[in-house]
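Here are the chains, one letter per residue:
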Amino acid sequence: MSEVARYIVGPTVVLFIVFLAASPFAWAIHHFIALVNRLIGTASAIALYCVEVGALYVWADWYGDQVQGAIDAGVYDGPVGFGAGIAAGFVMFFAGMLAILNGIGLWRLLRRPSHA
């Protein structure tokens, strides 16, 4: 039973916590994308989402490269390196969850008929 908790329940709880942490940011960005969609148009909303996903990728990649470079240089050794790697994983999960949530929001926004 402890292996089930460690390999299934643990990561599920962690992903749910990351989902809860990303939700307010996704909500705010989604409303900004909806505003752009209403004011400028659908193409601008899609472009804004693409810029958001690109910025999230660059941010997560930059953070991961910083941590990996420090680990390779021997700056992070032992438990500190493990903790830094875990933090980089959380950044990656957070960026991915934000992109997924806003992608779902954009899809729902584009399906909705225009009230203009």
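Fair warning: this is a prediction, and the values are worked out from it, not measured in the lab.

### Some remarks on the overall build of the protein
Then step 1. Of the regular secondary structure elements, the protein holds three helices and zero strands.
Then step 2. When the helices and strands of the protein are placed in sequence order, the string is α-α-α.
Then step 3. Since a compact globule built from 116 residues should have a radius of gyration of about 13 Å, the 18 Å found for the protein marks it as more spread out than a globular shape.
Then step 4. Considered along the principal axes of its C-alpha atoms, the protein spans approximately 60 × 40 × 15 Å.
Then step 5. A sequence separation of at least 24 residues applies to 76% of the contacts in the protein between residues at least 6 apart.

### A few points about the packing of aromatic side chains
Then step 1. Following the criterion strictly, the structure yields three aromatic pairs and no others.
Then step 2. The rings of Phe25, Trp59 and Phe94 are connected pair by pair, giving a single aromatic cluster.
Then step 3. Of note, Arg111 hangs over the ring of Trp107, and the distance from its end group to the ring centre comes to 4.5 Å.

### Comments concerning the confidence of the model for the protein
Then step 1. Counting all residues, the mean pLDDT for the protein is 83, and 95% of those residues have values of 70 or more.
Then step 2. Helix 1 (residues 2–39) is the least confidently modelled element of the protein, averaging 82 in pLDDT, while helix 2 (residues 42–72) averages 89, the highest of any element.

### Re helix 2
Then step 1. With 31 residues, helix 2 should reach 45 Å at 1.5 Å per residue; the first-to-last C-alpha distance of 45 Å fits that figure.
Then step 2. For helix 2, the elements touching its buried residues are helix 1 and helix 3 (79–111).
Then step 3. Within two residues after helix 2, Gly74 carries a phi angle of roughly 85 degrees, on the positive side.

### Notes on the packing of helix 1 against helix 2
Then step 1. Interaxial distance between helix 1 and helix 2 falls to 7 Å at its minimum, and their mutual angle equals 150 degrees. As summarised for this structure, helix 1 and helix 2 are arranged roughly antiparallel, according to the angle between their axes. Contacts from Ile29, Phe32, Ile33, Val36 and Asn37 of helix 1 reach helix 2 at Thr42, Ser44, Ala45, Leu48, Tyr49 and Glu52.
Then step 2. Looking at the contact of helix 1 with helix 2, its residues break down into seven nonpolar, three polar and one charged.

Calculation notes
Residues numbered from 1 in each chain as written. Predicted model: local features only at pLDDT ≥ 70, side-chain atom pairs only at ≥ 80, totals over all residues. Heavy atoms only, no water. Helix = DSSP H or I, 4+ residues; strand = E, 2+ residues; numbered from the N terminus. Rg over C-alpha atoms; globule rule 2.2 N^0.38 Å. Contact = heavy atoms within 4.5 Å. Phe/Tyr/Trp six-rings, centres within 6.5 Å; stacked < 30°, edge-to-face > 60°. Lys NZ or Arg CZ within 6 Å of the ring centre and 35° of its normal. pLDDT = per-residue confidence, 0-100. Expected span 1.5 Å × (residues − 1). Axes fitted to C-alpha atoms, helices over the stretch in contact; angles between N-to-C directions. Parallel < 35°, antiparallel > 145°, perpendicular 65-115°, else oblique. Nonpolar A, V, L, I, M, F, W, Y, C, P; charged D, E, K, R; others polar.

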